[in-house]
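In case you want the letters, here they are:
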Amino acid sequence: MRKDAPIGVLDSGVGGLSVLKCLHQLLPHEDFIYVGDTARTPYGTRPEQEIRKFVAEIIDWLAAQGVKEVVIACNTLTMLGVESLKGAHQFPIVGMSKGEQLLLAASKKKKIGVFATPFTISTEAHKKAILAADPGAEVYPVGCAKFVPLIEGEQFESKELPEAIREYAAPLKEAGVDALILSCTHYPFIKEQITAEFGPEVTIIDPAEATSQLAMEALQAEGLAKTEGEGKVTICGTADIERVQRLAQRMLPIETCQFREINLQEK
Ligand code: DGL
């Protein structure tokens with residue numbers, strides 16, 4: 001594996017750009033190739049076998065580009081077990097942090113909310129991680145099926161978005177949570193609106209920074225971190241590259257990024 005090889009970052013759609021933003025800030029010398037499967041998003045409401053087939057196609061495509069590490073910038077995919085996604089590939093592969101330590105540090109009342117896709121919530125992985133770290137905590141998970149289609153559909157000004165936020169926030173406000181984790185990488189696109197709904201008493205945690213830290217440590221452990229030069233960012237989508245570019249603008253300085261529509265079958 002070569003130090004000057006790029007890092008692959010993937011998601012079902014544009015959500016992982018919220019992680020790419022942190023990775024690029026933390027690792028400014030690295031080149032990144034991002035793949036969002038915008039032709040087939042969302043994944044979080046599909047059967048597991050289908051999701052596994054799609055992610056294997058993306059990882060194989062990234063491997064063909066010669067990546068030295070893959071960051072799974074998707075909580076839903078992380079739930080499948082990162083090592084099981086690696087297949088025969090040799091590069092390190094890093095999934096999303098569950099953020100349990102950040103949550104427990106932020107929550108005085110130990111009443112914690114989790115917003116994620118229905119698939120992620122069904123695994124109870126976040127609840128188990130928080131309770132393993134503090135068995136006395138109370139955890140309130142909410143599957144937010146409406147968010148990803150609204151974000152991918154650029155419905156930021158729609159009346160459906162505040163309605164959905166209000167609907168998903170209601171049980172957490174009722175329970176009196178004082179910390180909430182956004183365990184779907186799409187949700188930072190609407191973090192401002194979520195923060196406004198909960199008010200200042202609730203700390204909203206985005207695990208992207210903790211995940212980027214894990215990605216950096218995995219590279220350093222393999223002696224693969226690049227320490228000089230300006231990194232290049234290439235953002236690929238499997239459909240609708242103009243839409244990807246408009247959404248990316250909400251997260252990154254896109255003037256310095258390249259955009260490409262790709263076919264995962266053509267490597
Ligand atoms: N961004 C993905 C996540 O973090 C989910 C999107 C989807 O349902 O496809 O879970």
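Scoring rules and cut-offs
- Note on numbering: residues in each chain are counted from 1, in written sequence order.
- Confidence filtering applies because this is a predicted model: local features only for residues at pLDDT of at least 70, side-chain atom pairs given and counted only at 80 or more, and all residues used for totals across whole chains, interfaces and linings.
- In computing side-chain values, all of the structure's heavy atoms are included and hydrogens and water are not.
- Strands were regarded as paired on the criterion that DSSP finds at least two bridges between them.
- In DSSP terms, a helix is any run of H or I states spanning at least four residues, a strand is any run of E spanning at least two, and both are numbered starting from the N terminus.
- Convention adopted: a line fitted to C-alpha atoms gives each axis, helices being fitted over their contacting stretch, and angles between N-to-C directions are expressed from 0 to 180 degrees.
- When checking whether two residues touch, look at their non-hydrogen atoms; a contact exists if any pair is within 4.5 Å.
- Put simply, the grid is 1 Å and covers the protein atoms alone, a cavity is a trapped set of points that fit a 1.4 Å probe, a pocket is an open set with protein on both sides within 12 Å along at least five of seven lines, and lining residues have an atom within 4 Å of a point.
- Grid points are joined across faces, edges and corners, and a volume is the space filled by probe spheres set on the points.
- Residue type decides the class: Asp, Glu, Lys and Arg count as charged, Ala, Val, Leu, Ile, Met, Phe, Trp, Tyr, Cys and Pro as nonpolar, and the leftover types, Gly among them, as polar.
- Only protein chains enter the accessibility calculation, which uses a 1.4 Å probe. A residue is then buried if its area is under 20% of the maximum for its type, exposed if over 50%, and partly exposed in between.
- When a carboxyl oxygen of Asp or Glu is within 4 Å of a side-chain nitrogen of Lys or Arg, the pair counts as a salt bridge.
- Angle categories: roughly parallel below 35 degrees, roughly antiparallel above 145, roughly perpendicular from 65 to 115, and oblique for all the rest.
- Crossing handedness is read from the near helix: turned anticlockwise from the far helix by less than a right angle, it gives a left-handed crossing, and turned clockwise, a right-handed one.
- The term nonpolar core refers to a set of buried residues drawn from Ala, Val, Leu, Ile, Met, Phe, Trp, Tyr and Cys, joined through side-chain atoms within 4.5 Å.
- Pairs were defined over the aromatic rings of Phe, Tyr and Trp, the Trp ring being its six-membered one, requiring ring centres within 6.5 Å. Orientation was assigned from the angle between planes: stacked under 30 degrees, edge-to-face over 60, tilted for the rest.

Peer 1: I would appreciate a short explanation of the sheet that holds strand 6 (residues 138–143) in the present structure.
Peer 2: By way of backbone hydrogen bonds, the strands of a sheet pair with one another, either parallel or antiparallel. Strand order in the open sheet made by the four strands is 6-5-7-8, with parallel pairing throughout. The sheet terminates laterally at strand 6 and strand 8 (203–205), the two strands that pair on one side only. In this sheet, adjacent strand axes meet at a mean angle of 20° when their direction is disregarded. Contacting strand 5 (111–116) and strand 6, helix 7 (residues 125–133) runs over the sheet at an angle of about 165° to strand 6. Contacts between helix 9 (residues 160–175) and the sheet are confined to strand 5, strand 6 and strand 7 (179–182), with strand 6 contributing the most and set at about 170° to the helix.

Peer 1: Which parts of the structure should I look at to understand the sheet that holds strand 2 (residues 32–36)?
Peer 2: In spatial order, the strands read 4-3-1-2-9-10; together these six strands make up an open sheet with parallel pairing. Whereas interior strands pair on both sides, the edge strands pair on one side only; in this sheet they are strand 4 (93–94) and strand 10 (257–261). Most of the contacts of helix 11 (residues 208–221) go to strand 3 (residues 69–72), to which it runs at about 165°, and overall it touches strand 1 (7–11), strand 3 and strand 4. Here helix 12 (residues 241–248) sits on the sheet in contact with strand 9 (233–237) and strand 10, set at roughly 150° to strand 10.

Peer 1: Explain empty space enclosed by the protein to me, please; I cannot follow it from the model alone.
Peer 2: Using a probe with the size of a water molecule, rolled over the atoms, empty space left in the structure can be pinpointed. Per the counting criterion, the structure on display carries two cavities of 30 Å³ or more. By volume, the largest cavity amounts to about 80 Å³. Its residues assigned to classes, the lining of the largest cavity comprises five nonpolar, eight polar and one charged. Here the second largest cavity is characterised by a volume of approximately 40 Å³.

Peer 1: What is the right way to look at helix 1 (residues 17–26) in this model?
Peer 2: Three or four residues apart is the spacing at which side chains of an α-helix point the same way, because the helix has 3.6 residues per turn. Those residues of helix 1 that sit buried are L17, S18, V19, L20, C22 and L23. Buried residues belonging to helix 1 abut strand 1, strand 2, strand 3, helix 11, strand 9 and helix 12.

Peer 1: Sorry, what's going on with the environment of H24 here?
Peer 2: Looking at the element boundaries, H24 is found in helix 1. Residues H24 and K110 lie 86 residues apart in sequence; the distance between their C-alpha atoms is 32 Å. Dropping the residues within four chain positions of it, H24 is found in contact with F32, G231 and V233.

Peer 1: Whenever I open this one, the pattern of salt bridges confuses me. Can you help?
Peer 2: Charged atoms that come close allow side chains of opposite charge to pair. Using the criterion set out here, one finds 15 salt bridges in the structure. One salt bridge connects D4 with R2, and the closest N-O pair in it is separated by 3.0 Å. We classify D4 as partly exposed; its relative accessible area is 41%. Each of D37, R40, K53 and E57 takes part in a single network of salt bridges with overlapping partners.

Peer 1: Explain the packing of helix 9 against helix 10 (residues 191–198) here, please?
Peer 2: Packed helix pairs are specified by the crossing angle of their axes together with the interaxial distance, meaning the distance between the axes. At a minimum axis separation of 10 Å, helix 9 and helix 10 run at an interaxial angle of 45°. Relative to helix 10, the element helix 9 lies oblique. Regarding helix 9 and helix 10, the two cross each other, and that crossing is right-handed. Across the interface between the two elements, L161, I165, R166, A169, L172 and K173 from helix 9 touch Q193, I194, E197 and F198 from helix 10. For the contact of helix 9 with helix 10, the per-class residue count stands at six nonpolar, one polar and three charged.

Peer 1: How do you make sense of the layout of surface pockets when you look at a structure like this?
Peer 2: Roughly 190 Å³ of internal volume is contained in the largest pocket. If you trace the largest pocket, you find it lined by K21, P188, F189, K191, E192, Q193, R250 and M251. When grouped by side-chain class, the residues that make up the lining of the largest pocket number three nonpolar, one polar and four charged.

Peer 1: How should the nonpolar core be read in this particular structure?
Peer 2: L17, F115, F147, I194 and I235 are the most contacted members of the largest nonpolar core, which has 58 residues in total. With residues up to four places along the chain from it excluded, the contact list for F147 reads F115, L161, A164, I165, Y168, Y187, I190 and I194. In terms of nonpolar packing, the next biggest core, distinct from the first, is built from 27 residues, L10, F54, F91 and L264 among them.

Peer 1: Where do I start with unusual backbone geometry in this structure?
Peer 2: A cis amide bond links T41 with the next residue in sequence, P42, at an omega value of -5°. Structurally, P42 can be placed in the loop between strand 2 and helix 2 (48–64). Of note in the backbone geometry, E154 takes a positive phi value of approximately 55° without being a glycine. Inspection of the secondary structure assignment puts E154 in the loop between helix 8 (147–152) and helix 9.

Peer 1: Sorry, what's going on with the packing of aromatic side chains here?
Peer 2: A ring pair, where both rings are aromatic, is described by two values, the distance of the centres and the angle of the planes. Per the stated rule, a full pass over the model turns up five aromatic pairs. Aromatic side chains F147 and Y187 sit 5.1 Å apart centroid to centroid with 85° between the ring planes, which places their arrangement in the edge-to-face category. Residue F147 is found in helix 8, and its partner Y187 is found in the loop between strand 7 and helix 10; the two are separated by 40 residues along the sequence. Exposure remark for Y187: the relative accessible area of 0% places this residue in the buried category. A network of ring pairs unites the aromatic residues F115, F147, Y168, Y187 and F198 as a single cluster.

Interpretation note: all reported values are geometric properties and have no functional meaning in isolation.
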